[in-house]
Number of protein chains: 2
Amino acid sequence: MRTLGLRHAITSSLEHHAVLHPLQALAKSGETELSYLRHDAQGRLDLGHLEELLAAHPRSFVSLMHGNNELGNLNSILEIGDICARHDAVFHTDTVQTMGHYHHDVQQLKNHFLVGSAHKFHGPKGVGFLYRRGGLEVGPLIHGGAQERNVRSGTENVYGIVGLAKALEIACRDMTAHQHYIQGLKDRLIGRLRAGIADVQFNGLSVAADQSLYTVLSVSLPPSSISEMLLFSLDINKIAASGGSACTSGAQLGSHVLEALGGDSNRATVRLSMSKLNTEEEIDYAAAQLVKLYQPALV
Amino acid sequence: MRTLGLRHAITSSLEHHAVLHPLQALAKSGETELSYLRHDAQGRLDLGHLEELLAAHPRSFVSLMHGNNELGNLNSILEIGDICARHDAVFHTDTVQTMGHYHHDVQQLKNHFLVGSAHKFHGPKGVGFLYRRGGLEVGPLIHGGAQERNVRSGTENVYGIVGLAKALEIACRDMTAHQHYIQGLKDRLIGRLRAGIADVQFNGLSVAADQSLYTVLSVSLPPSSISEMLLFSLDINKIAASGGSACTSGAQLGSHVLEALGGDSNRATVRLSMSKLNTEEEIDYAAAQLVKLYQPALV
C-alpha cells in the first residue's frame, strides 16, 4: 500500500481471510482507510456502491475476489476491472478458486494483480504465485536476499514451483472437458439433495450454474438436532467436508461469510467440493449419507 | 518487535541479509532503534561492546548468528546467550549454517529463537523452521487463515515439512562422522591452495578449525588480472563457487561482509563450500583449477 502510494482500500466482508486480515491489519496500523462494499443476501456485490466509493476515493486499492471460496459466487472481474480503470484504482483479485478452472486473459482483464495457489488445481501444497502487471512497483513482505527480483526473499521452493507450473499446464489443457464433467457432478448432487431432504437450501448463488463455481456447493440444511455433529458424522463416514472455509477447520469458528449474509443461524451449512477426480458413485454416496442424517426420526 | 514490546535491537554488520534487511526496515520505519556490534578485522565480535550496549539498553532484541555464511566464523552463542540473559534481552540466532551440522541444546542455550533451513542440511529447498522458546508471543508476518497457530498463515508446504524433518533426523544421526570427514576435506583444500598459490590468504577465521564452520572456506586471492573473470572461469570448469553469499550470485554486488572487514579491495574472494557428498578427488580438482588460474604467466 505504502509502495503503491495508496491511502484508501475497498474490499468486501465476503473476501477470504487471506485478503481481509492483511487489509484490516493495515487499517489498524493507520496505513490505509478501508471501505467495505455492500452486497445482498445472496452475496451479490453492489457495483453501484463501488462506483460511489471510487468517485469519493479515486486511486484506491480494490481487492475483490473472482470465485468465493465458501459460497461459490462468481464476481464479474471484467466488469469490476472496467469500473476500477475509470477511477484510476489499482485492482487486485483473489483468483485462487478460479485459476486453472476458468480462463484468465490478462490482455482483456484490467487487473493489476492476480494470484494462484497450486493445490487448488491439483498441484503441490504450499506454493503459489502473484501476477503483477508491468510497471507497478511493490515492496517486499519478506526482506533478505535479493531473490525473485527483490520482491520475495528466501531460497526458492524449486520443486514446488516446477510442480505448480506443470499442474497449471495440465489444468488449462483439459479445462473445458473438466468444467462439463464437474458441473455434471454438482448438478447430480443438487438433484439428490433436493429429492432427499425437505427444505434443503443453497447459500449465496451456489446453485446457479452460470453464477457460481462448478467446484463448490454450499448446502444449507434445515434445523435439526444432528447439526452440531454434522461434520463429525460426515467425517466418520469418510466424507471430507467443511462448515465454512478450510482455514477454520478444527477451529470451530463460525463463518464470517455466512454471518455477513445474515442467514438463519438455526440452519447448518456444509460446503461440498468436487474435482475431476471425483466419481458419480462418490457423489451418490455423499448425498445418501447427508439424506440419511436428515431423515425425520422414525416413530 | 512490536509484539515483543521491544524498542532497541542489536546486531552486527556481518549478519546475513535475511537478518540485516528486516531489522534495517524496522529501524527505517521508526519501529526500533538499531545498534551495530563492533568486530575486529577477522570478524571476531566484541562482546565487551555487547555488555556496554545492553547496559545502556536493557531488554533489547539481540540477533547474532552462529556460523557466518560468508566467512565461516563461529560465534559462541552460549556465551552471548548468557550475556543477553543477564540484561533481560531477547536473543535470536541465525543458526541456518549450523543446524544439522552442530549440536544445539535448547536447554543449555539461552536463545529465545533459533532457525533452520532444510536445504542447508540436504533437505528440500524452500522450507525452514523457527524455534521459539515457550511463553514468548510473536505476531504473524503473513496474515490470513489461522494456520500454524496463527503465526504463519497459508496452506502448509506439507511434503517440504516432511522432507525437512527427515533430513534433519539423518543429519543429526551421523553428525560426528560427517564433521570429521568434511573437516578433512577442508584441511586438504587449505593445504593444496597454500602449496600452489603464493600469498593465498583466508578471510576471517575461516582457516581456524575450532573457530569456523567445517563446511566453508573463504579464500582471499592475490591481486591478478584473472580476478574479474574468476567465478566465470571456475563455472566453465564445473566448479560452483560464489564471491560472497549465494543470495547475491548473479547480482554482481560486492559482499557487505568483506566490506565490513575492510580488507584489500585488490584481492578477490571466492567462497568454497564442502559437504559429506564431496570427495577428495573433487577437492583436488577444485584446488588444481584455482592454482592453474593463479600461476604466474609463463614467459
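Conventions adopted
- Residues numbered from 1 in each chain as written.
- Chains lettered and ligands numbered in written order.
- Predicted model: local features only at pLDDT ≥ 70, side-chain atom pairs only at ≥ 80, totals over all residues.
- Heavy atoms only, no water.
- Contact = heavy atoms within 4.5 Å.
- Salt bridge = Lys/Arg side-chain N within 4 Å of Asp/Glu carboxyl O.
- Polar contact = N/O pair within 3.5 Å; in protein donor to acceptor, adjacent residues only side chain to side chain.
- Helix = DSSP H or I, 4+ residues; strand = E, 2+ residues; numbered from the N terminus.
- Nonpolar A, V, L, I, M, F, W, Y, C, P; charged D, E, K, R; others polar.
- Pairing = 2+ DSSP bridges.
- Right-handed = clockwise from strand over helix to strand, strands pointing away.
- Phe/Tyr/Trp six-rings, centres within 6.5 Å; stacked < 30°, edge-to-face > 60°.
- Axes fitted to C-alpha atoms, helices over the stretch in contact; angles between N-to-C directions.
- Parallel < 35°, antiparallel > 145°, perpendicular 65-115°, else oblique.
- Left-handed = near helix turned anticlockwise from the far one by under 90°.

A. Broad picture of the interface of chain B and chain A. Counting residues at the interface gives 25 residues for chain B, matched by 25 residues for chain A. For the interface between chain B and chain A, the tally reads 0 salt bridges. Here chain B and chain A share 6 residue pairs in polar contact (both at pLDDT 80 or more) between them. Elements with a contribution of two residues or more to the side of chain B that touches chain A: α1 (17–28) and α4 (158–173) of chain B. When residues in the side of chain B that touches chain A are grouped by element, the largest group, 5 residues, is from α1(B). In terms of residue class, the side of chain B that touches chain A is made up of 11 nonpolar, 11 polar and 3 charged.

B. A look at the pairing of strand β2 (residues 33–36) of chain A. Residues and elements named next belong to chain A. Here strand β1 (residues 8–11) runs beside β2; their pairing, made up of 4 bridges, is parallel. Across the sheet, residue Ile10 finds its bridge partner in β2, namely Ser35. Between the parallel pair β1 and β2, the chain is carried across by helix α1 (residues 17–28), and the sense of this crossover is right-handed.

C. Seen up close, the packing of aromatic side chains. Under the definition given, this model contains 3 aromatic pairs over all chains. A ring pair is formed by A:Tyr102 and A:Tyr214, whose centres lie 5.3 Å apart and whose planes are at 50°; its orientation type is tilted. Highlighted residues: A:Tyr102 in the loop between β4 (90–93) and β5 (113–117) and A:Tyr214 in the loop between β7 (201–202) and β8 (216–221), separated in sequence by 112 residues. When the centroid spacing of 5.5 Å and the interplanar angle of 75° are considered together, the rings of A:Tyr159 and B:Tyr159 count as edge-to-face.

D. Inspection of the packing of helix α2 (residues 47–56) of chain A against helix α3 (residues 77–86) of chain A at higher detail. All names here are of chain A. Viewed as axis vectors pointing N to C, α2 and α3 meet at an angle of 20°, and their least axial separation amounts to 10 Å. It follows from the interaxial angle that α2 and α3 lie roughly parallel. Like other packed secondary-structure pairs, α2 and α3 cross with a definite hand, here right-handed. Across the interface between the two elements, Leu47, Leu50, Glu51 and Leu54 from α2 touch Glu79, Ile80, Ile83, Cys84 and Arg86 from α3. Across the contact of α2 with α3, the residue classes tally to 6 nonpolar, no polar and 3 charged.

E. Examining the sheet that holds strand β8 (residues 216–221) of chain B more closely. Residue and element names in this part refer to chain B. An order of β7-β8-β9 is seen for the 3 strands of this open sheet, with the pairing classed as antiparallel. Edge positions in the open sheet fall to β7 (201–202) and β9 (268–273), since each of these has one partner strand only. In this sheet, β9 lies alongside β8 in antiparallel orientation, the contact comprising 6 bridges. Bridge pairing in β9 links Val216 to Ser273. Packing of helix α5 (residues 175–196) onto the sheet brings it into contact with β7, β8 and β9, and relative to β8 it is tilted by some 10°.

F. Spotlight on the sheet that holds β4(A). Residue and element names in this part refer to chain A. With mixed pairing, the 6 strands of this open sheet are ordered in space as β2-β1-β3-β4-β5-β6. Pairing within the sheet leaves two strands with one partner each, and these edge strands are β2 and β6 (128–132). Strand after strand, the sheet turns through a mean of 20° between neighbouring axes, direction not considered. Pairing analysis gives 2 bridges linking β4 to β5, with the strands arranged parallel. Opposite His92, over in β5, you have Phe113 as the bridge partner. Sheet strands touched by α3: β3 (61–63) and β4. Its angle to β4, the strand with the most contacts, is close to 160°.

This is a description of form; function is not addressed.
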